[in-house]
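Listed here are the chains, written in short residue letters.
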Amino acid sequence: MEGMLKPGSLQGKTVIITGGGTGLGKSMGKYMLELGANLVITSRKKEVLDKTAAELEQATGGKVLALGCDVRKYEEIENVIKETEKRFGQIHGVLNNAAGNFISPTERLSHRAFDIIVDIVLKGTYYMTLAAGKNWIQQKQSGNFLNIVTTYAWTGSGYVVPSACSKAGVLALTRSLAVEWAKYKIRSNAIAPGPFPTEGAWSRLLPGDLVKKFDPAARIPLKRVGEHQELANLAAYLMSDYSAYINGEVITIDGGEWLRNGGEFSHLETIPEEMWDQLEKTKGKGA
Ligand code: HXC
Ligand code: NAP
């Protein structure tokens, strides 16, 4: 799997990625560095960020600033913006990727468990968006928001209800500001990934034996999970000026998963060819 953009496609751009020390945030950040961006990665665990920053600088020769920041704390976000400008100057893009999630029947959740996901995913995203957006508007700079949601942002999903509510809110934020802040030359788009293996997601969404019981690839028409570079290609494109006319869009990258699982007759894929032969002969009039 290869990077798709021309070398230097993000040269001179500074991009902040929340939750950039692990998983998909790390993979997207690595590719943006390869394309010439200056990268700022933030999350709660500074030691994880420092390790990732050193690894990515070594691998790409790019510049990475690692800043501890809990997205639930507005003053820590303001500090990220201040420190980023001090180190790199103008900020060009913000990738809202930080999230928390776990599976549970909703009636088993405490209100604190619900709060924690909403606080990280929805509140964290609008805190970052508000702080970065005000900064761009005040300094008369253009900007680019890219928000990571999921396909259940619009279908909803049982067993991950706090996450579904939060991602739906992030999608509404994306679409609303795409229109309202276009006059400031601030774009907002989202990506809705299907399953892409990461330690963080797999350990929480397929814990214990569930990983053996439920194969995510089986639900997907293309019969495989996503590769990180595929997501990184899309994210880098949306962060680049090649996508300058894309605003307010959510792009699904899930191998057809959500449509398949909404399709009334998708389950007929389990019918073997011989049975179709039989059915064709009877033309729906029975055996
Ligand atoms: C029920 C749970 C729970 C669980 C925590 N809680 N885990 N309730 N089932 N599995 C409850 C706790 O009992 C507590 O409520 C409250 O939630 C806060 O829990 P803490 O452990 O104190 O929170 P904290 O240490 O801050 O950890 C936050 C976290 C954790 C969200 C719970 O998982 C985390 O740090 N996650 C970050 C990374 C992550 O989740 N990555 C996956 C993203 S994947 P009480 O009432 O007891 O006080 C993703 C993919 C989506 O989003 C789509 C896939 C296709
Ligand atoms: P991940 O590695 O667990 O990433 C989540 C990141 O968020 C971590 O780096 C974590 O770092 C950070 N984070 C959590 N709480 C935070 C807080 N309060 N403040 C700041 N940072 C915080 O999982 P992932 O799979 O890469 O997920 C990345 C994004 O993709 C998420 O938005 C997720 O919903 C989305 N997504 C993933 C999949 C998938 O299949 N993997 C599918 C659809 C959507 P710290 O713990 O250091 O804070």
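Residues numbered from 1 in each chain as written. Chains lettered and ligands numbered in written order. Predicted model: local features only at pLDDT ≥ 70, side-chain atom pairs only at ≥ 80, totals over all residues. Heavy atoms only, no water.

Undergrad: Explain the overall build of the protein chain residue by residue, including any values.
TA: Along the backbone of the protein chain there are eleven helices and seven strands. Overall, the protein chain is about 75 × 45 × 40 Å in size when its C-alpha atoms are taken along their principal axes. Per-residue burial over the protein chain gives 46% buried out of 287 residues. As displayed, the protein chain has an accessible area near 14900 Å², and 55% of this comes from carbon and sulfur atoms. Computed over 34 positive and 31 negative side-chain charges, the separation of the two mean positions in the protein chain equals 4 Å. (Helix = DSSP H or I, 4+ residues; strand = E, 2+ residues; numbered from the N terminus. Buried < 20%, exposed > 50% of the residue type's maximum accessible area, 1.4 Å probe, protein only. Areas by Shrake-Rupley, 256 points an atom, 1.4 Å probe, with all protein chains shown as cover. Lys, Arg positive; Asp, Glu negative; His and termini not counted. Charge placed at Lys NZ, Arg CZ, Asp CG, Glu CD.)

Undergrad: Help me get a handle on the site of ligand 1, residues and values and all.
TA: If you check the shell around ligand 1, you find 17 residues, and the closest are Arg44, Asn101, Ser110, Arg112 and Arg204. Between an oxygen atom of ligand 1 and a main-chain N or O atom of Asn101, the distance comes to 2.9 Å. Between ligand 1 and Ser110 there is a distance of 2.6 Å, counted from an oxygen atom to a side-chain nitrogen or oxygen. About the coverage of ligand 1: the protein hides 60% of its 1100 Å² of free accessible area. Looking at the shell around ligand 1, the elements that each hand over two or more residues are helix H4 (111-138) and helix H7 (199-205). Split by residue class, the shell around ligand 1 holds nine nonpolar, five polar and three charged. (Near = heavy atom within 4 Å. Polar contact = N/O pair within 3.5 Å; in protein donor to acceptor, adjacent residues only side chain to side chain. Nonpolar A, V, L, I, M, F, W, Y, C, P; charged D, E, K, R; others polar.)

Undergrad: Can you break down the side chain of Asn96 residue by residue, with the values?
TA: Tracing the backbone through its elements, the reader meets Asn96 in strand E4 (residues 93-96). A polar contact is formed between the side chain of Asn96 and the side chain of Asn147, at a distance of 2.9 Å. Leaving out residues up to four positions away in the same chain, Asn96 has contacts with Thr18, Thr125, Met128, Thr129, Phe145, Leu146, Asn147 and Ile148. (Contact = heavy atoms within 4.5 Å.)

Undergrad: I'd love a proper account of the pattern of salt bridges, names of residues and values included.
TA: Throughout the structure, instances matching the rule amount to eleven salt bridges. Between Glu83 and Lys86 there is a salt bridge, and its shortest N-O distance comes to 3.3 Å. With a gap of three residues between them, Glu83 and Lys86 both fall in helix H3 (residues 74-88), about one helical turn apart. Residue class for Glu83 comes out partly exposed when judged on its relative accessible area of 22%. Across the pair Arg219 and Glu257 runs a salt bridge, and its minimum N-O distance is 3.2 Å. Taken together, the residues span a long stretch of sequence, with Arg219 in the loop between helix H8 (210-213) and helix H9 (228-239) and Glu257 in helix H10 (residues 257-262) at a distance of 38 residues. Members of the salt-bridge network, linked through shared partners, are Lys223, Arg260 and Glu269. (Salt bridge = Lys/Arg side-chain N within 4 Å of Asp/Glu carboxyl O.)

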